[in-house]
Amino acid sequence: MPEPKDVRAAVTAAVEAAGLPLTDAELEAFVSIYPALRAGADSLYIEAVRYEEPALVFTPVPPVQG
Amino acid sequence: MIGVPSTLTEAAAALRSGTLSSVALTEAVIARADALDGDLGVYITRMDNEALNAAAAADRDFTAGIDRGPLQGIPIGVKDIIATRDAPTTAQSLILNPAWGAGIDAPVVARLRAAGAVITGKTTTMEFAVGMPDANKPFPVPHNPWDLERWPGGSSSGSGAGVAAGLFFGALGTDTGGSIRLPAAYCGITGLKPTYGRVPKSGCAPLGYSLDHIGPMARSARDCAAILEVLAGYDASDPTCSHAAVPPYLAALTGSVKGIRIGVERVNHLTAPNADPVAVAAFEDAAAWFISAGALVEEVAVPYYQEIRSANTVTMRGESTSYHLGDLRTRWEDYGVHTSKAVSQGAIVGAADYVQAQRFRSLARRVVAAMMEPLDVLLMPTALMGAPRLAGLDHTSFMNWPTFTQPWNLLGLPALALPMGFTAAGLPLSMQVVGKPFAEATVLRVGDAYQRKTSFHLERPTGIAAVAA
């Protein structure tokens, strides 16, 4: 999957959409880590996964409250 | 002050032989905490009075001929993200509502009490079990007993440092990406992340719902087996908890690895950037020992290793941001500076990415199971470095360290970290034994056999020698 052409714009949009009050320095930290994080997520879109079910389980019976 | 035994097993034997009472043992570890904890930062909350009361009850039981098992009368620490009825649970955070967990024992704590354990206090953690220490927040910064200028690892920092320093004989830790095993590694002790679902995790503040595990930390694999035997088993309050039968872990410790099939994983570990060559050599020595002890050792490669690490990261980011986003929006400054960065990164990965990570997880579970089918366990380093310095710690540096714990959270497999030597500077080094689902007995057997022939796990920390003298 291609990386966004403007990483800063992509990160800024995601952070603003989430309502996170990052400082400028914190935003820069996110911009710096984003390419590796994005590449890691993209590495999971491989043909071998094409017909896999997600490892998620839902049961309609509520669990006992602990 | 009495001499404090080295291990939980030795302490349990002394209690039964009558050479030691639980009250005397508890008084000794309380005195040790008085002397050391100002430097170590092991405890957030000490429960001296409650501990002495529990110790007196354990002694009364011994006198009456009641023996609840090897934890009876043994001082144990509990990580402060796990609820205890008689002390607050803070998650080392200003964020967690003090009403959370108030007056309640998590199932694991209730099981410890029922086994007669003496809970001495709540131990320091990285905030919400993630990130790095933040000295600007009103909580102790944990220090490594091998070198007070170094980090004990995280996030079960106080549990690891406390066992190493002899402030208790076992502890509860939690592990979402290595938080039992890395403090065990850096503090020179033994720690087990059990199979996902083996131990109920209700009553524990979450970090990554599908990655979180509670497990034992202690000096030895035998000590961990004794604790796991108490912790393991189904509890209806945790919907992810397994009904699988709990085998007798202590009885599985034969002292032999003859015929055990071990896959040594070098290819994804030993050439990692920043690996300490001394650590690589220590790992090779350990692998050679298993051959000499009669194990059937072969070279293996974990398939999709880097992708497994990436899927763990995506999963943890998504799950932790889900839990924290409301507070992050309104109380950003109340989080530690490293925590807020760590638990907000789910905002920059997508919902589809999270589901894709779970689809990849299905694939990874299958191909790793196939790789492990002809084996009993895998062997690999926990980390190829000693404990890092506290000064300058940040999340970026963490990403560049040669640590190898995350894959076993994504796959939910049992993983034991145990000491394998020391760096040139005298800091502990650690390897991992990874087993098949619910095969903790085999993992502990392998670790125990190694520890019967080595003494790395019994070495005393050098960083507190002057303080303790």
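From a predicted model like this one, the values you see are computed outputs, not experimental measurements.

Basis of the calculations
Residues numbered from 1 in each chain as written. Chains lettered and ligands numbered in written order. Predicted model: local features only at pLDDT ≥ 70, side-chain atom pairs only at ≥ 80, totals over all residues. Heavy atoms only, no water. Helix = DSSP H or I, 4+ residues; strand = E, 2+ residues; numbered from the N terminus. Rg over C-alpha atoms; globule rule 2.2 N^0.38 Å. Buried < 20%, exposed > 50% of the residue type's maximum accessible area, 1.4 Å probe, protein only. Salt bridge = Lys/Arg side-chain N within 4 Å of Asp/Glu carboxyl O. Core = buried A, V, L, I, M, F, W, Y, C linked by side-chain atoms within 4.5 Å. Contact = heavy atoms within 4.5 Å. Buried area = accessible area lost by both parts, 1.4 Å probe. Polar contact = N/O pair within 3.5 Å; in protein donor to acceptor, adjacent residues only side chain to side chain. Nonpolar A, V, L, I, M, F, W, Y, C, P; charged D, E, K, R; others polar. Pairing = 2+ DSSP bridges. Axes fitted to C-alpha atoms, helices over the stretch in contact; angles between N-to-C directions. Disulfide = S-S within 2.5 Å. Right-handed = clockwise from strand over helix to strand, strands pointing away. Expected span 1.5 Å × (residues − 1). Phe/Tyr/Trp six-rings, centres within 6.5 Å; stacked < 30°, edge-to-face > 60°. Parallel < 35°, antiparallel > 145°, perpendicular 65-115°, else oblique. Left-handed = near helix turned anticlockwise from the far one by under 90°.

Draft legend 1. Looking closely at the overall build of chain B. In terms of helices and strands, chain B carries 15 helices and 11 strands. For 469 residues, the compact-globule formula gives about 23 Å, and the C-alpha radius of gyration of chain B, at 20 Å, lands near that figure. In terms of overall dimensions, chain B has C-alpha extents of about 60 × 55 × 45 Å along its principal axes. The buried share of chain B, reckoned over its 469 residues, is 64%.

Draft legend 2. Structural detail: the pattern of salt bridges. Residues and elements named next belong to chain B. Taken as a whole, this structure holds 20 salt bridges over all chains when the rule is applied. As a salt-bridge pair, Arg46 and Asp48 come within 3.0 Å of each other at their nearest N and O atoms. A residue is classified by how much of its surface remains accessible, and Arg46, at 28% relative accessible area, is partly exposed. The partner of Asp80 in a salt bridge is Lys122, and the shortest N-O contact between them spans 3.2 Å. Taken together, the residues span a long stretch of sequence, with Asp80 in the loop between β2 (75-79) and α4 (107-114) and Lys122 in strand β3 (residues 118-123) at a distance of 42 residues. Like Asp80, the residue Lys122 is buried in the burial classification. A cluster of three or more residues bridged by salt bridges with shared partners is formed by Arg85, Asp86, Asp105 and Arg113.

Draft legend 3. Quick look at the nonpolar core. Residue and element names in this part refer to chain B. The biggest cluster of nonpolar side chains holds 129 residues, and the ones touching the most others in it are Ile82, Phe290, Leu378, Trp408 and Leu444. Residues in contact with Ile82, not counting those within four places in the same chain, are Thr89, Ala106, Val108, Val109, Lys122, Leu172, Thr174, Gly203, Cys204 and Ile214. Ranked by size, the runner-up nonpolar core spans 19 residues in total, among them Leu40, Val42, Ala165 and Ala184.

Draft legend 4. Just the side chain of Ser242(B), in detail. All names here are of chain B. Within the secondary structure, Ser242 sits in the loop between α7 (221-231) and β7 (261-265). Under the relative-accessibility criterion, Ser242 is labelled buried at 16%. Those residues within four positions of Ser242 in sequence are excluded, and the remaining contacts are Gly197, Gly233, Tyr234 and Phe438.

Draft legend 5. View of the interface of chain B and chain A. Of the residues lining the interface, 33 residues belong to chain B; the matching set on chain A comes to 34 residues. Across the chain B/chain A interface, buried area totals approximately 3000 Å², and carbon plus sulfur atoms make up 68% of it. Considering only the side of chain B, the residues that lose the most area to chain A are Trp332(B), Ile348(B) and Arg359(B), jointly responsible for 24% of the buried surface there. Summed over the shared surface of chain B and chain A, the result is 2 salt bridges. Note that Asp353(B) is salt-bridged to Arg38(A), the shortest N-O span being 2.7 Å. Across the contact surface, chain B and chain A share 13 residue pairs in polar contact (both at pLDDT 80 or more). The biggest single contributor to the side of chain B that touches chain A is helix α11 (residues 351-372) of chain B, with 14 residues. Tallied by class, the residues present in the side of chain B that touches chain A amount to 17 nonpolar, 8 polar and 8 charged.

Draft legend 6. The sheet that holds β7(B), seen in detail. All names here are of chain B. One open sheet holds the 11 strands; their spatial order is β1-β3-β2-β4-β6-β5-β10-β11-β9-β7-β8, and the pairing between them is mixed. Each edge of the open sheet carries a strand with a single partner, namely β1 (43-46) and β8 (296-300). On average, each strand axis in the sheet is tilted by 30° relative to the strand beside it, whichever way the strands run. Relative to strand β11 (residues 428-435), strand β10 (residues 415-422) runs antiparallel, the two being bridged by 7 bridges. Bridge pairing in β11 links Gly421 to Leu429. Strands β7, β8, β9 (377-383), β10 and β11 of the sheet are contacted by helix α8 (residues 277-292), whose axis makes an angle of about 45° with β11.

Draft legend 7. How the structure looks around the state of the cysteines. Under the criterion given, the structure shown has 0 disulfides over all chains. Here Cys187(B) stays free of any disulfide, with the sulfur of Cys224(B) as its closest cysteine sulfur at 13 Å.

Draft legend 8. Geometry of the pairing of β8(B). Residues and elements named next belong to chain B. Of the pairings in the sheet, the one linking β7 to β8 comprises 5 bridges and is parallel in character. For Val264, the partnering residue across the bridge sits in β8 and is Glu299. Crossover handedness for the path β7 to α8 to β8: right-handed.

Draft legend 9. View of helix α1 (residues 7-18) of chain A. Under the 1.5 Å per step criterion, the end-to-end length of α1(A) is 17 Å for 12 residues, consistent within 8% with the ideal 16 Å. Its buried side turned inward, α1(A) meets α2 (24-42) of chain A together with α9 (305-331) of chain B. Residue Asp6(A) occupies the N-cap position of α1(A), its side-chain oxygen lying 3.1 Å from the main-chain nitrogen of Arg8(A). Just beyond α1(A), the residue with positive phi is Gly19(A), at close to 75°.

Draft legend 10. Focus on the pairing of strand β4 (residues 170-175) of chain B. Residues and elements named next belong to chain B. Within β4, 6 of the 6 residues are buried, leaving the element largely enclosed by the surrounding structure. Alternating positions in β4 separate into two faces, Gly170, Leu172 and Thr174 on one and Ala171, Gly173 and Asp175 on the other, with burial throughout. With 3 bridges joining them, β2 and β4 adopt parallel strand pairing. What sits directly across from Ile76, in β4, is Gly170. Judged from the 6 bridges that link them, β4 and strand β6 (residues 213-218) form a sheet pairing that is antiparallel.

Draft legend 11. Here's a closer look at the environment of Ala55(A). Along the polypeptide, Ala55(A) turns up in the segment after α2. Once you skip the residues sitting within four places of it in the chain, Ala55(A) turns out to touch Gln358(B), Arg359(B), Arg361(B), Ser362(B) and Arg365(B).

Draft legend 12. Structural view of the packing of aromatic side chains. Residues and elements named next belong to chain B. Evaluated as defined, the whole model comprises 9 aromatic pairs over all chains. Ring geometry for Tyr304 against Phe360: centres 5.9 Å apart, planes inclined by 85°, an arrangement best described as edge-to-face. In this pair, Tyr304 sits in the loop between β8 and α9 while Phe360 sits in helix α11, placing the two residues 56 residues apart along the sequence. A residue is classified by how much of its surface remains accessible, and Tyr304, at 29% relative accessible area, is partly exposed. Joined through ring pairs, the aromatic side chains of Trp146, Phe422 and Phe456 make up one cluster.

Draft legend 13. Broad picture of the packing of helix α2 (residues 22-40) of chain B against helix α3 (residues 48-63) of chain B. All names here are of chain B. Orientation of α2 relative to α3, taken along the N-to-C sense of each, is 155°, at an axis distance of 8 Å. Here α3 runs roughly antiparallel to α2, going by the angle between their axes. Two packed elements cross with a definite hand, and for α2 against α3 that hand is right-handed. Residue-level inspection shows Ser22, Val23, Thr26, Glu27 and Ile30 of α2 in contact with α3, the latter providing Asp48, Ala51, Leu52, Ala55, Ala56, Ala58 and Asp59. Classifying every residue of the contact of α2 with α3 by side-chain character gives 7 nonpolar, 2 polar and 3 charged.

Function cannot be inferred from these measures alone, as they are strictly geometric.
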